[in-house]
Amino acid sequence: MTSKTEFSTPNATDIRYLRRFAAPRDRLWAMWTQAERLRQWWGPHGWTTPVCKVDFRPGGVWFYCMQNPAGNRYCGKMTYSEIDAPRRFTGTDVFTDEDGKTSADMPVAHSEYEFEADGEETILRNLTRYATGEQRDQVVEMGVEAGVNQTLDRLDAYLASLA
């Protein structure tokens, strides 16, 4: 199957992806900013998100733990920086333990999400920047492209189930 996500590493520190969704911008925005929505689709195929808390405001935090089929949990936290609803938000992403403590040996990412209305569809653009090429490469080697593709496939399926 061909991916619907355009994924690139345009320079030594950045990861970019773009994907078109068959949903109006306000609906797609809600999928990314409300815990009850994120919980339904966040994570790769076969995973769940049993922990998902969102305080969507500048300085607020999105904390989540994804769980794989074997029962292992992988957690993260985004601290929101800028919010321009429903067009754009930015934040700092970190890997954490289940208590929300930042993992010191994992990269910190600065992410920007843009939502462009295109009729009844929406184009999602993401730019994620790391401090060094080594940090970016660490995340690439962990399988971020496959994880993003599967997660956005799940979002597509969830949106289709609401139609």
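Residues numbered from 1 in each chain as written. Predicted model: local features only at pLDDT ≥ 70, side-chain atom pairs only at ≥ 80, totals over all residues. Heavy atoms only, no water.

Caption draft 1: Structural view of helix H3 (residues 133-141). Within H3, the full set of buried residues consists of Gly133, Arg136 and Val139. Down the axis of H3, the buried side of the element spans an arc of 125°, and every buried residue falls inside it. Away from its buried face by more than 90 degrees, H3 exposes Glu134 and Glu141. In the core, the buried residues of H3 are packed alongside strand S2 (14-21), strand S8 (121-130) and helix H4 (144-162). (Buried < 20%, exposed > 50% of the residue type's maximum accessible area, 1.4 Å probe, protein only. Helix = DSSP H or I, 4+ residues; strand = E, 2+ residues; numbered from the N terminus. Arc of directions from axis to C-beta. Contact = heavy atoms within 4.5 Å.)

Caption draft 2: Just the sheet that holds strand S6 (residues 88-96), in detail. Taken in spatial order, the eight strands make up an open sheet running S1-S2-S8-S7-S6-S5-S4-S3, and their pairing is antiparallel. This sheet does not close on itself; its edge strands, each paired only once, are strand S1 (6-8) and strand S3 (48-54). When the angles between neighbouring strand axes are averaged without regard to direction, this sheet yields 20°. As defined by bridge partners, S6 adjoins strand S7 (residues 109-118) across six bridges and the pair is classed as antiparallel. Among the inter-strand pairings, Thr90 is bridged to a residue of S7, identified as Glu112. (Pairing = 2+ DSSP bridges. Axes fitted to C-alpha atoms, helices over the stretch in contact; angles between N-to-C directions.)

Caption draft 3: Representation of the nonpolar core. In this structure, Trp32, Trp41, Leu124, Leu152 and Leu155 are the most contacted members of the largest nonpolar core, which totals 32 residues. Going through the elements one at a time, S2, helix H1 (25-33), helix H2 (35-41), strand S4 (61-67), strand S5 (73-84), S7, S8 and H4 are the ones with two or more residues in this core. Here the element with the most residues in this core is H4; it accounts for five residues. Not counting residues up to four positions away in its chain, the partners in contact with Trp41 are Met31, Trp32, Thr151, Leu152, Arg154, Leu155 and Tyr158. (Core = buried A, V, L, I, M, F, W, Y, C linked by side-chain atoms within 4.5 Å.)

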